[in-house]
Amino acid sequence: MSQQCSYRLARTVRIIPRENGGLALCSYPLHVLRLSKLTTRLLLQCREQRTCEELAQLVDLPTKRVQTLCEQLRWKELLDASPMLPPPSWPCISIIIPGHNRVHQLERCIKSLLGLDYPVQCLELIVVDDASTDETATMLQHLAQQTVAQGLAIQTIHHTSQQGVARSRNVGAEAAHHDLLAYIDSDCLASPGWLAELVPTLQDTHIGAVGGMIRAYERHSMLGRYEDAHSSLYMGTRPQQVRLEGPLTYLPTANLLVRRALWHRLGGFAPLNFGEDVDFCHRLLATGSQMVYLPQGIVYHDYRTSLRAFLSTRISYASSEAALLQRHSTQRRTLLLPPEQATFAALVIGGLWLSTISFGARRGPQRSLRSAFQSLMPTADLSALGKSTIGKRTPTILFLLSLLLTLLGTYTRQRKVQQQNIPLNPLIIFQATLRGHLAYTYHLCRHLTRYYTLPLLAIGLLVPPFLPLVLILCSAVISVDYARLQPHMSLSEYILCSLLDDCAYEVGVVLGCIKYRTWKPLLPIIHIKRKNR
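Residues numbered from 1 in each chain as written. Predicted model: local features only at pLDDT ≥ 70, side-chain atom pairs only at ≥ 80, totals over all residues. Heavy atoms only, no water.

J.: So what's going on with the overall build of the chain? Which residues, and what values?
T.: Each helix and strand in the chain was counted, giving 17 helices and 19 strands. Within the structure as shown, the chain displays about 26,500 Å² of accessible surface, and the carbon and sulfur contribution to it stands at 57%. (Helix = DSSP H or I, 4+ residues; strand = E, 2+ residues; numbered from the N terminus. Areas by Shrake-Rupley, 256 points an atom, 1.4 Å probe, with all protein chains shown as cover.)

J.: So what's going on with helix H3 (residues 63-75)? Residues and values would help.
T.: Here H3 contains 13 residues, and its C-alpha end-to-end distance of 19 Å stays within 8% of the 18 Å for a straight helix at 1.5 Å per residue. For H3, the set of buried residues is Val66, Gln67, Leu69, Cys70, Glu71, Leu73, Arg74 and Trp75. Buried residues along H3 sit in contact with strand E1 (6-9), helix H1 (37-45), helix H2 (52-59), strand E6 (79-81), strand E14 (240-242) and strand E16 (290-293). Downstream of H3 by a residue or two, Glu77 has a phi angle that is positive, lying close to 65 degrees. (Expected span 1.5 Å × (residues − 1). Buried < 20%, exposed > 50% of the residue type's maximum accessible area, 1.4 Å probe, protein only. Contact = heavy atoms within 4.5 Å.)

J.: Explain the packing of helix H4 (residues 103-113) against helix H5 (residues 136-149) to me, and be specific about the residues and the numbers.
T.: Helix packing for two helices is described by the angle between their axes and how far apart those axes are. Between H4 and H5, the shortest axis-to-axis distance is 10 Å and the interhelical angle comes to 15 degrees. In terms of their interaxial angle, H4 and H5 are classed as roughly parallel. Of the two elements, H4 crosses H5, and the hand of that crossing is right-handed. Contacts between H4 and H5 pair Val103, Leu106, Glu107, Ile110 and Lys111 from the former with Thr136, Met139, Leu140, Leu143, Gln146 and Thr147 from the latter. (Axes fitted to C-alpha atoms, helices over the stretch in contact; angles between N-to-C directions. Parallel < 35°, antiparallel > 145°, perpendicular 65-115°, else oblique. Left-handed = near helix turned anticlockwise from the far one by under 90°.)

J.: Got a sec to walk through a nonpolar patch on the surface? Specific residues and values, please.
T.: Together, Leu454, Val507, Val510, Leu511, Ile514, Trp519 and Leu523 give the surface a local cluster of nonpolar side chains, amounting to about 610 Å² of exposed area. Broken down by element, the residue count for the nonpolar patch peaks at 4 residues, all from helix H17 (residues 491-516). Structurally, Ile514 can be placed in helix H17. (Patch = residues over 30% accessible without salt bridge, like charges linked within 9 Å, V, L, I, M, F, W, Y side chains within 5 Å. Salt bridge = Lys/Arg side-chain N within 4 Å of Asp/Glu carboxyl O.)

J.: Describe the sheet that holds strand E13 (residues 214-216), listing the residues and the values that go with them.
T.: Strands sit in the order E11-E17-E13 across an open sheet of 3 strands; the sheet is mixed. Both edges of this open sheet fall to strand E11 (188-190) and E13, since each of them pairs with a single strand only. The sheet shows a mean angle of 30 degrees between the axes of neighbouring strands, taken without regard to direction. Pairing between E13 and strand E17 (residues 299-301): 3 bridges, direction parallel. Within E17, the position partnered with Ile214 by the bridge is Val299. (Pairing = 2+ DSSP bridges.)

J.: Account for the environment of Val171, with residues named and values stated.
T.: For Val171, the position within the fold is in helix H6 (residues 165-175). Here the alpha-carbon distance between Val171 and Ile126, two residues 45 residues apart in the chain, equals 9.6 Å.

J.: Report on the pairing of strand E12 (residues 207-211), specifying residues and quantitative values.
T.: E12 sits mainly inside the fold: 5 of its 5 residues count as buried. Here 3 bridges tie E12 to strand E15 (residues 255-259), and the two strands are oriented antiparallel to one another. Residue Val210 lies in a different strand from E15, and its bridge partner there is Leu257.

J.: Outline the pattern of salt bridges, listing residues and values.
T.: Scanning all chains against the criterion turns up 21 salt bridges. Here Arg169 makes a salt bridge to Glu276, at a shortest N to O gap of 2.8 Å. Of this pair, Arg169 sits in helix H6 while Glu276 sits in helix H10 (residues 276-286), placing them 107 residues apart in sequence. For Glu276, a relative accessible area of 6% puts it in the buried group. When salt bridges with common partners are traced through the structure, they connect Glu227, Arg314, Arg446, Arg450, Asp501 and Asp502 into a single cluster.

J.: Describe unusual backbone geometry, and please don't skip the residues or the numbers.
T.: Trans peptide bonds make up most of the peptide bonds, and negative phi angles are found at most residues other than glycine. Residue Gly246 is joined to Pro247 through a cis peptide bond whose omega torsion reads 5 degrees. Look at Asn101: it is not a glycine, yet its phi comes out positive at around 55 degrees. Looking at where Asn101 falls in the secondary structure, it is placed in the loop between strand E7 (93-99) and H4. Its relative accessible area of 32% is what places Asn101 among the partly exposed residues. Positive phi outside glycine occurs at Arg517, with the angle close to 55 degrees. Looking at the element boundaries, Arg517 is found in the loop between H17 and strand E19 (525-527).

J.: Before we move on, can you summarise the pairing of E16 with the specific residues and values?
T.: The sheet contact formed by E12 and E16 spans 4 bridges and is parallel. Paired with Ala209 across the bridge in E16 is Met291. Where E14 meets E16, 3 bridges bridge the pair, whose relative direction is antiparallel. For Gln241, the partnering residue across the bridge sits in E16 and is Val292.

J.: So, the state of the cysteines: which residues are in play, and what are the values?
T.: Going through the model one piece at a time under the given rule, you end up with 0 disulfides. Cys445 takes part in no disulfide bond, and the closest cysteine sulfur to it belongs to Cys474, at a distance of 9.0 Å. Classification of Cys445 by relative accessible area gives buried; the value is 1%. (Disulfide = S-S within 2.5 Å.)

J.: Please provide a residue-by-residue account of the sheet that holds E6, values included.
T.: If you trace the 3 strands from one edge of the open sheet to the other, you get E5-E1-E6, paired in antiparallel fashion. Edge positions in the open sheet fall to strand E5 (50-51) and E6, since each of these has one partner strand only. Where E1 and E5 come together, 2 bridges link them in antiparallel fashion. Of the residues in E5, the one forming a bridge with Ser6 is Thr51.

This is the structure:
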């Protein structure tokens, strides 16, 4: 049976013919790529779904070379790939479950593993009981009889004192006998296809680890539905290659398969209470090994959905930023301010802000826009500006300037396209330019609200004219995320959960900064990304 997947041209890519060959155009974001004749021939053949063997015959190249090229084009989002076919024989896997005082969740997790669509003789189950004081030991003894009857023995390791989840995972890996390690948490349930859907990817020897989708187990409560769509464990619905430069930089260990030889090479997980999976993934990627996320192989996570537990979890995750930054100083957060996109964002946000203040001034006679600015700058003379000029014309001028900037960007891109003799409608270029500017505006707002919502709200309460600006930043992010993620909850519920999420995360970042005596997690490196000429 063939082990290759099949490939098809991505939906965002168009092939535009030229006199001297083909040209690939990625319409969002707008990328006009100069491609080699070989790549062009390959993409042209991928207008229909084809396997690597079929493509190799059509372009007259070895199958392995075609597969390598197709994978490179896949991670550049030029090709879409179907799932890889199963291997000729399933490899053996050691499943490692660390647990502490989660007897009922652990039992449920183990029972889900008994229902895997995977050869039971190829599985080894290792449970690391991290000094539980509940009925975990008794439960494991009773459950062992059931698993043996189904051909799967449980190897149990008991700690006499609590070692932490990272150490527990390492102990499980040290006791493993197979070449593949599969990590799942005790508060998770595996779908039947968990391993069978992820293991085929590891047929590529360049891939050292693969992770699957994590969804919420409990979706009846408001916080459960929020976690299902917006948890830090949820990595989206499209395959991605994990990279240090992003956008996806790590995979959670609640759903992770890794080669044991690579685990040994890295020395296992660092002794961190939180963020050990991020640290492990960064060290793995630094070796040059590849890591892949697939929106399959689903694991269901039983999130703690009480308000106190939700906030505590967010604070704990965020507090690890300082610890991770000490271990990976080159991974400091970066804020990009490309001149064209940043100016557009400032004009649009400024226009919305002034429009909101002006509208409030007209509805509330107790304060006009002019008096609001006077409260900000009491020594400034604003009389020459005039109330009507500021209140009515300035927002319109800012919006017109943002439109003019978009048109100038469209013109610049249109000239580059014409220089390459590409027959492309200017309207398409305008739409792509506008989408790119709006996308940057969203990411800028997200950057600000993720780390600075609380201080911005505090400033807004002290200086009222700034409060609408904070609301605009939050509204931009929440509205886009709500439309993009489509959570099964009302908009008002999502707004509440999102604000609680960001505020708790910011508290955690500050606590981590205090603990590790550094403010770097709160102070990004600012880069001005200039265009390549």
